[in-house]
Amino acid sequence: MNMAALPLFDPPLRTQLLIDGTWCRGATGQRLEVIDPSTETAIAEVETAGAADVERAVQAATRAFATWRNTSGPRRAALLHAIARGVEARRDRLAALQSLNNGKPLAEAEIDIGDVVATFDYYAGLAAQLDAARETEIELPGADFRAWIRCEPAGVAALIVPWNFPMVTTAWKLAPALAAGCTVVLKPSEITPLPELELAAIATQAGLPPGVLNVLTGTGAEVGAPLAAHPRIAKVSFTGSTAVGVQVMKAAADTIKGVGLELGGKSSIVVFDDADLELAADLIVGGGFFNAGQMCSATSRVLVQRPIADRLLALLARRAEAIVVGNPFTPGVTMGPISNRAQYDRVIRAIAEGQASGARLVAGGDVPARPGYFLRPTIFSDVPAGSALWQEEIFGPVLCVRAFDSEAEAVAAANDTRYGLVASVVTRDAARADRAAAALEAGVVWINAPQVIFPQASWGGYKQSSLGRELGPFGLAAYQEIKQVVRPS
Ligand code: NAD
């Protein structure tokens, strides 16, 4: 365990399941080791939940729903604000926990905490207005009837999340679900369960009633799959790989439950020949190497207009070499390890396949000989359009670069993927930026901007990247049912 982080973990970390307001052992009697990816050593052991725990948690959430759905908007808002304040009060401990469990540098973990706070505060604001906005009268063609639309909480929501932004992904689901009046069974990633358990402790201390939030740590097969199939779950909101998203959707089909999916990406950043090259290089490095490239929104495909390609590549190589890879708690470190062994092996394989594919290695590519899942920021140029390197999500610090000649060619190349999560455009020509933004098949387009995400806006993508949208009013609507009420005038 990282010695620098130790004093922050007093009181000790939460490692048990949270069911019906009580911290408890799992029915399987088994535990999962949680690994620090910087040292490959165990930090903690958490419970492995099984079928009996899933049942108990769903029942607890079902009982709690009867009261929580009728709890006033202002009361729900007050609890969400209280969770935000609890997160703020434990900012240092939570950031250290993110870094320790996920491997991200402390500065990045602190950004995550800010995002979590902003998300709970934003949905507290929506919850506060919810009672007034619950019923909307509909204008009808005749005078015989009156009709209303009522927005009601959907029921018990299962939230299944990955390991790359543990608390953030959870906040984007948990805050709107609670605001809408849903109760929750949360399944954190088995790789990074510690931040979510801490968040759950904060939520209970904030006064969330028993059963409103239940947390089951464990595997996808033993916890995620039964939740997705459970007849009492009204809505399953999943963030993770596209392959597992397909399984979740199939499992949910038998009971026709609501499904929200946030899946993989293979997104492009398009740099036109009039771009500010220093800005472009900064945006590319941010979009490719933040969180060691383990971002669904990574703009890992760089499309650069031919006349500036060599100059941009030189800037990128210099910036990649300046990135300091190391332990997330060491001052000056700007990139931590890959978060887990399986992903580390996948990225190493992708780099080896890239080298064999005929692409030109511009930076990195080597595996540092040290304990921990560390990789160097890696850049390939002249990447063949049909190669796995160009088409498949790598989810690691690997940028792929191709040159283009025309705007139409750039847009077509960016859209040539089964994914469509985000895209970036770098140009000084506002009209060209607007044309590209309209033509790109992506749920978010950043123009000359870093990957800023606002809880007030929207999150999600086109094609196989998403089903539905998170954040903003869309995020709340995802946890609501629409009811029409009609009566004679
Ligand atoms: P994953 O799909 O392997 O696992 C995600 C979660 O699903 C985990 O909690 C896992 O235990 C659970 N799970 C596994 N099998 C399951 C099953 N059969 N039924 C139900 N749940 C199951 O993904 P990961 O490796 O944890 O995360 C990386 C992926 O997540 C990447 O593809 C990335 O692009 C994607 N992601 C997307 C977004 C987004 O907003 N679109 C955000 C973050 C990550």
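Residues numbered from 1 in each chain as written. Predicted model: local features only at pLDDT ≥ 70, side-chain atom pairs only at ≥ 80, totals over all residues. Heavy atoms only, no water.

Student: Report on a nonpolar patch on the surface, specifying residues and quantitative values.
Tutor: A cluster of nonpolar side chains, Ile138, Leu140, Phe145 and Val486, forms an exposed patch at the surface whose accessible area comes to about 320 Å². With respect to the element layout, phenylalanine 145 can be found in strand β6 (residues 145-153). (Patch = residues over 30% accessible without salt bridge, like charges linked within 9 Å, V, L, I, M, F, W, Y side chains within 5 Å. Areas by Shrake-Rupley, 256 points an atom, 1.4 Å probe, with all protein chains shown as cover. Salt bridge = Lys/Arg side-chain N within 4 Å of Asp/Glu carboxyl O. Helix = DSSP H or I, 4+ residues; strand = E, 2+ residues; numbered from the N terminus.)

Student: Pulling in residues and values, what's your account of the domain arrangement of the protein chain?
Tutor: Note on interface size: it is often stated as the accessible area lost on association of the parts. Structurally, the protein chain comprises domain 1 (3-263 + 465-486) and domain 2 (268-454). Across the contact, 30 residues belong to domain 1 and 30 residues belong to domain 2. The interface formed by domain 1 and domain 2 holds one salt bridge in total. The shortest N-O distance in the salt bridge between arginine 341 and glutamate 40 comes to 3.2 Å. Linking domain 1 to domain 2 there are 11 residue pairs in polar contact (both at pLDDT 80 or more). Contributions of two or more residues to the side of domain 1 that touches domain 2 are made by α3 (91-102) and α4 (106-133). Looking at which element gives the most residues to the side of domain 1 that touches domain 2, the answer is α3, with five residues. Of the residues that constitute the side of domain 1 that touches domain 2, the class distribution is 15 nonpolar, 10 polar and five charged. (Domains from an automatic or database assignment. Contact = heavy atoms within 4.5 Å. Polar contact = N/O pair within 3.5 Å; in protein donor to acceptor, adjacent residues only side chain to side chain. Nonpolar A, V, L, I, M, F, W, Y, C, P; charged D, E, K, R; others polar.)

Student: I'd like a rundown of the site of the ligand, residues and numbers included.
Tutor: Taken together, 27 residues are adjacent to the ligand, and Val161, Glu190, Ser241, Leu263 and Glu393 come closest. The separation between an oxygen atom of the ligand and a polar side-chain atom of serine 241 is 2.6 Å. Here tryptophan 459 contributes a side-chain N or O atom positioned 2.9 Å from an oxygen atom of the ligand. Considered on its own, the ligand offers 850 Å² of accessible surface; in the complex 89% of this is hidden by protein. Elements that contribute at least two residues to the shell around the ligand include exactly α7 (220-229), β10 (233-239) and α8 (242-253). Broken down by class, the residue content of the shell around the ligand amounts to 14 nonpolar, nine polar and four charged. (Near = heavy atom within 4 Å.)

Student: So what's going on with the sheet that holds strand β13 (residues 301-305)? Which residues, and what values?
Tutor: Within the open sheet, the seven strands sit side by side as β14-β15-β16-β13-β12-β17-β18. Their pairing is mixed. The open sheet has two edge strands, β14 (360-363) and β18 (444-447), and neither has a second partner. Each strand axis lies, on average, 20° off the axis of its neighbour in the sheet, ignoring direction. In the packing of helix α10 (residues 309-322) onto the sheet, the strands contacted are β12 (268-271), β13, β14, β15 (378-381) and β16 (398-404), and the crossing angle to β14 comes to about 55°. In the packing of helix α14 (residues 430-439) onto the sheet, contacts are made with β13, β17 (422-426) and β18, and the angle to β18 comes to roughly 165°. (Pairing = 2+ DSSP bridges. Axes fitted to C-alpha atoms, helices over the stretch in contact; angles between N-to-C directions.)

Student: So what about the sheet that holds strand β20 (residues 480-488)? Which residues, and what values?
Tutor: Pairing is antiparallel across the open sheet formed by three strands, whose spatial order is β5-β6-β20. Bordering the open sheet on either side are β5 (135-138) and β20, each of which pairs with just one other strand. Here the strands of the sheet are splayed against their neighbours by 25° on average, with no regard to which way each runs. Bridging between β5 and β6 involves four bridges; their strand directions are antiparallel. Bridge pairing in β6 places glutamate 137 opposite tryptophan 148.

Student: Run through α14, naming residues and quoting values.
Tutor: Of the positions making up α14, those classed as buried are Arg432, Ala433 and Ala436. The arc that holds the buried residues of α14, viewed along the axis, is 100°, so those residues lie on one side. In α14, the exposed residues that point more than 90 degrees away from the buried face are Ala430, Asp434 and Ala438. Buried residues along α14 sit against β13, α13 (407-415), β17 and β18. (Buried < 20%, exposed > 50% of the residue type's maximum accessible area, 1.4 Å probe, protein only. Arc of directions from axis to C-beta.)

Student: Any chance you could break down the packing of helix α9 (residues 277-289) against α10 for me, citing the residues and the numbers?
Tutor: Contact geometry of α9 with α10 gives a least axis separation of 10 Å together with a crossing angle of 50°. Of the possible angle classes, the one that applies to α9 and α10 is oblique. As for the relative orientation of α9 and α10, their crossing is right-handed in sense. Mapping the contact onto sequence places Leu277, Glu278, Ala280, Ala281, Asp282, Ile284, Val285 and Phe289 in α9 and Arg311, Leu312, Leu315, Leu316, Arg319 and Ala320 in α10. In the contact of α9 with α10, the residues fall into 10 nonpolar, no polar and four charged. (Parallel < 35°, antiparallel > 145°, perpendicular 65-115°, else oblique. Left-handed = near helix turned anticlockwise from the far one by under 90°.)

Student: Explain the pattern of salt bridges residue by residue, including any values.
Tutor: The tally for this structure, following the rule as stated, stands at 27 salt bridges. Note that arginine 432 and aspartate 274 form a salt bridge whose closest N and O atoms lie 3.1 Å from each other. Of this pair, arginine 432 sits in helix α14 while aspartate 274 sits in the loop between β12 and α9, and the two are 158 residues apart along the sequence. You can call arginine 432 buried: its relative accessible area is 13%. With its nearest N and O atoms 3.0 Å apart, the salt bridge here joins arginine 306 to aspartate 405.

Student: Residue-level account of the packing of aromatic side chains, with values.
Tutor: As enumerated under the stated definition, the model contains six aromatic pairs in all. Seen in terms of ring centroids, tyrosine 344 and tyrosine 373 are 5.4 Å apart; in terms of plane orientation they differ by 45°. Their pairing is tilted. Pair noted here: tyrosine 344 is in helix α11 (residues 341-356) and tyrosine 373 is in the loop between β14 and β15, with a separation of 29 residues, a long-range link. The class of tyrosine 373 is buried, set by a relative accessible area of 6%. An aromatic cluster is present here, built from Trp172, Trp446 and Trp459 joined pairwise through their rings. Geometry around tryptophan 390 places arginine 402 over its ring, the cationic atom sitting 5.7 Å from the centre. (Phe/Tyr/Trp six-rings, centres within 6.5 Å; stacked < 30°, edge-to-face > 60°. Lys NZ or Arg CZ within 6 Å of the ring centre and 35° of its normal.)

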